Amino acid sequence: MTALAIPGLDHAPTTHPGLLAWVQEVAELTTPDAVVWCDGTQDEWNRLTTKLVDAGTFVPLEKRPNSFWCASDPDDVARVEERTFICSKDASDAGPTNNWMDPGEMTALMTDLYRGSMRGRTMYVIPFCMGPLDAEKPMFGVEITDSEYVVVSMHIMTRAGRDVLDRMGSDADFVPCLHSVGKPLEAGEADVSWPCSETKYITHFPETKTIWSFGSGYGGNALLGKKCYSLRIASVLAREEGWLAEHMLILKLTSPTDEVHYIAAAFPSACGKTNLAMLEPTIPGWRVETLGDDIAWMRFGDDGRLYAVNPENGFFGVAPGTNWKTNPNAMRTLEGGNSIYTNVARTPDGDVWWEGMEGTPEILTSWKGEQISPSDSSAGPAAHPNSRYCTPMNQCPVLAQEWDDPQGVPISAILFGGRRATTIPLVAEARDWQHGVFLGATLSSEKTAAAAGTVGQVRRDPMAMLPFIGYNAGDYLRHWGEVGKQADAAKLPSIFYVNWFRRGDDGRFLWPGFGENSRVLKWIVERLEGRASAVETAIGRVPTVEELDLTGLDVRYEDVADALAIDVDEWRAELPLIEEWFDTIGAALPSTMQDELAALRQRLG
Ligand code: SAT
Ligand code: MN
């Protein structure tokens, strides 16, 4: 087949020779029925959402304007870490925490998979930009996909379309992102509502800054601007260029006396980043505004401070547990419409529902499409635990006005946190940058449903980046150390470790969490401003119960004391686990991390 036989291929609205050549090459390999250059317009959204409704993939939600319900294949509901690869030339550059394959071998293998993989489908070319388009050096990408679901999701999650292509001109660098659901259609074959393949590969080539994804339609595997570009590839760029690409929310905290602090916080997937980013403080006079809920790119400004930008344009949040109490601002964002819901339940009157949402409808269509009653516990969850909403940032009622400032915002504090039932106190402050890097390097969390695998198991998750570091984890920790030497120590953000999830002996949470976490943020800000005291402990500086503002909070004193406690025996039991983790990283681990571990051991006695 010659390229010109594919309708649309010759209607390229660009003169960019590299882009044109790549699109042509992919079209010849994947042999779609047609090629469409996406323009990012409302018209395109309308056309594709209509197509998805007609195909049975989307169900329009009568109760939510311009919003759609969608159910995935039951085997395509989360990121697939065991199918995710970093294909650096040298295996040691992928390090012990990533899957690796030789780039040549992977290219050959996936080229075979892509051959004819778009047959019977349309190939879409989506020009997109991560971060503001008016940045000095905009971060371009182009995703080629055969999934309409991906196109409309990219409309929400990124700046996508014609403006991006125009700004790219004929010579801008871009990250080529190739995606196919891997389900070609034969002539006359009816499509399924969620096409995907049993064979899945989520592949990154760090040397050529290229992404190839095959077989999955799920967010983190298919919306390639998100984890693949903005974390795995961007972390490689960040290392080369001296900045940080991190799995962090960004929030703006304003005190009753109008002092402003910007805070970035890293938690593993499904550990409450979105809730913290949109938090409604329970203490009077304090205000939180949102700049991002998942990813932060941080670079030093001319003033020596670290500035953060959120590369995304939307929220791809975990639905279950989101409600008017845990995250009223997410609920309000969703009320704006223009959203896609994947794997939640649907009510008979055209609304969505998930576990934890207020009101329990009598009858529901579950994420599996079954008619169930949520009160019938034998039916299983109505919404998949990793079900997601995809919704535009600009509908968030507490969006900070500077959220899309290309300069970013200066970060005062970095929080690391995980989900731990024991050991880790509610909050601890690092002594200095290197100690903070150690806290991040040893971050641990119980596994959640955001990735396929066993939920609940404790695993080490350095800086909540374990599945997202695009290179060797030891080199990554070294890079964090180096970044701390780029600036005057006094200008670096202070680093804190938090754990909202500690439990008492009877299994109940010791700290109420959600809006009450503003009390912890207040202590953090008072530390930054030198107004709060802390107790030096073996693991860092921890507040006493009295140092936390608990005014009006209905909580037992002993519970807060237990939430803050450093149990030396628990910490001694943690040491071999940290050691084992450092052994896993091996020779690339910077010696500073071993020094910190030795110092901790000594302090624990
Ligand atoms: O990977 S996703 O972006 O789909 C969600 C997550 O795991 O953080
Ligand atoms: Mn995430």
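Residues numbered from 1 in each chain as written. Chains lettered and ligands numbered in written order. Predicted model: local features only at pLDDT ≥ 70, side-chain atom pairs only at ≥ 80, totals over all residues.

## Here's the deal with the overall build of the chain
Under the convention used in this document: Secondary structure elements follow DSSP: runs of H or I no shorter than four residues count as helices, runs of E no shorter than two count as strands, and numbering proceeds from the N terminus. Any residue whose C-beta has 12 or fewer other C-beta atoms within 10 Å is treated as exposed, any with 20 or more as buried, and any in between as partly exposed, C-beta atoms being built from the backbone. Any two residues are considered in contact once their C-beta atoms, placed from the backbone, lie within 7 Å.
A count of helices and strands for the chain gives 16 helices and 30 strands. In the chain, which comprises 605 residues, the proportion classed as buried is 52%. The long-range share in the chain, meaning contacts at least 24 apart out of those at least 6 apart in sequence, stands at 72%.

## What about helix α1 (residues 17-30)?
Here is the rule: Helix span, expected: 1.5 Å multiplied by one less than the number of residues in the helix. When we speak of the arc, we mean the arc of directions from the helix axis to the C-beta atoms.
In this model α1 runs 20 Å from its N-terminal to its C-terminal C-alpha over 14 residues, within 8% of the 20 Å that 1.5 Å per residue would give. Turning to α1, its buried residues are Leu 19, Val 23, Val 26, Ala 27 and Thr 30. Taken around the axis of α1, the buried residues stretch over an arc of 100°, which confines them to a single face. Residues of α1 that are exposed and angled more than 90 degrees away from the buried face: Pro 17 and Ala 21. In the core, the buried residues of α1 are packed alongside β1 (34-37), α4 (103-114), β5 (122-130), β6 (139-145) and β8 (175-180). Just downstream of α1 lies Thr 31, where phi reads positive at about 45°.

## Regarding the domain arrangement of the chain
Quick note on the threshold: An automatic or database domain assignment is the source of the domain bounds shown.
Assigned domains of the chain: these are domain 1 (3-241), domain 2 (244-313 + 399-604) and domain 3 (315-392). One C-alpha centre belongs to domain 1, the other to domain 3, and the line joining them spans 27 Å. Residue-level contacts link 22 residues of domain 1 with 23 residues of domain 3. Those elements giving two or more residues to the side of domain 1 that touches domain 3 turn out to be β3 (68-70) and α5 (148-157).

## Looking at the site of ligand 1
Definition in use: As used in this record, a residue near a molecule or strand is one whose C-beta atom, placed from the backbone, is within 6 Å of it. Under the convention adopted here, Pro, Cys and the residues Ala, Val, Leu, Ile, Met, Phe, Trp and Tyr are nonpolar, Asp, Glu, Lys and Arg are charged, and Gly plus all remaining residues are polar.
Near ligand 1 you find Arg 79, Gly 219, Gly 220, Lys 226, Lys 227, Ser 269, Phe 316 and Ala 450, and these make up its full shell. Breaking the shell around ligand 1 down by element, the ones donating at least two residues are α7 (219-222) and α8 (225-241). Looking at the shell around ligand 1 residue by residue, the classes come out as two nonpolar, three polar and three charged.

## Points about the environment of Asp 595
Inspection of the secondary structure assignment puts Asp 595 in helix α16 (residues 591-604). Linking Asp 595 and Ala 160, residues 435 residues apart in sequence, is a C-alpha distance of 46 Å.

## So, the UniProt feature "binding site: Mn(2+)" (unreviewed entry) in the chain
So the rule is basically this: UniProt positions are given in the numbering used here, feature names are shortened, and annotations may be inferred rather than shown by experiment.
With numbering matched to this structure, UniProt assigns "binding site: Mn(2+)" (unreviewed entry) to Lys 227, His 247 and Asp 294. A maximum C-alpha distance of 9.4 Å places the annotated residues, which cover 68 residues in sequence, within one compact spot. With respect to the helices and strands, the residue Lys 227 is situated in helix α8. Once residues within four sequence positions are removed from consideration, Lys 227 is found in contact with Gly 220, Arg 232 and Phe 468. The topology assignment puts His 247 in the loop between β11 (244-246) and β12 (248-254). Residue His 247 is classed as buried on the basis of its 25 C-beta neighbours within 10 Å. Setting aside its immediate chain neighbours within four residues, His 247 contacts Leu 231, Ala 266, Asp 294, Ile 295, Ala 464, Met 465 and Phe 468.

## Details of the UniProt feature "active site" (unreviewed entry) in the chain
The UniProt record annotates "active site" (unreviewed entry) at Cys 271. Looking at where Cys 271 falls in the secondary structure, it is placed in the loop between β13 (260-266) and α9 (273-277). Excluding residues that lie within four positions of it along the chain, Cys 271 makes contacts with Gly 417, Gly 418, Arg 419, Ser 445 and Thr 448.

## Some words on the sheet that holds strand β2 (residues 58-60)
Sheet strands line up and pair through hydrogen bonds in the backbone, either parallel or antiparallel. The criterion, for reference: DSSP calls a pair of strands paired once it identifies at least 2 bridges connecting them. Note on definitions: angles span 0 to 180 degrees between N-to-C directions of axes, and those axes are lines fitted to C-alpha atoms, for helices only across the stretch in contact.
The strand order across the open sheet built from five strands is β2-β3-β18-β23-β17, with neighbouring strands paired in mixed fashion. Both edges of this open sheet fall to β2 and β17 (314-318), since each of them pairs with a single strand only. Geometrically, the sheet is characterised by an average inter-axis angle of 20° between neighbouring strands, direction not taken into account. Across three bridges, β2 lies against β3 in antiparallel orientation.

## What to know about the nonpolar core
Burial of nonpolar side chains together is a common tendency in soluble globular proteins. Formally: Throughout this description, the term nonpolar core refers to a group of buried Ala, Val, Leu, Ile, Met, Phe, Trp, Tyr and Cys residues whose C-beta atoms join them within 7 Å.
Counting residues in hydrophobic clusters, the biggest one holds 183 residues, and the most contacted among them are Ile 250, Ala 264, Met 298, Ala 308, Val 344, Ile 411 and Phe 496. Residues contacting Ile 250, with those up to four places away along its chain left out, are Tyr 262, Ala 264, Leu 291, Gly 292, Ala 296, Ala 308, Asn 310 and Val 409.

## What to know about unusual backbone geometry
Even without a glycine there, the phi angle at Asn 66 is positive, about 50°. Here Asn 66 lies in the loop between β2 and β3. Overall, the presence of 15 C-beta atoms within 10 Å leaves Asn 66 in the partly exposed class. We note that Ala 270 has phi near 65°; this positive angle belongs to a residue other than glycine. When you line up the elements, Ala 270 lands in the loop between β13 and α9. For Ala 270, a count of 22 C-beta atoms within 10 Å gives the class buried.

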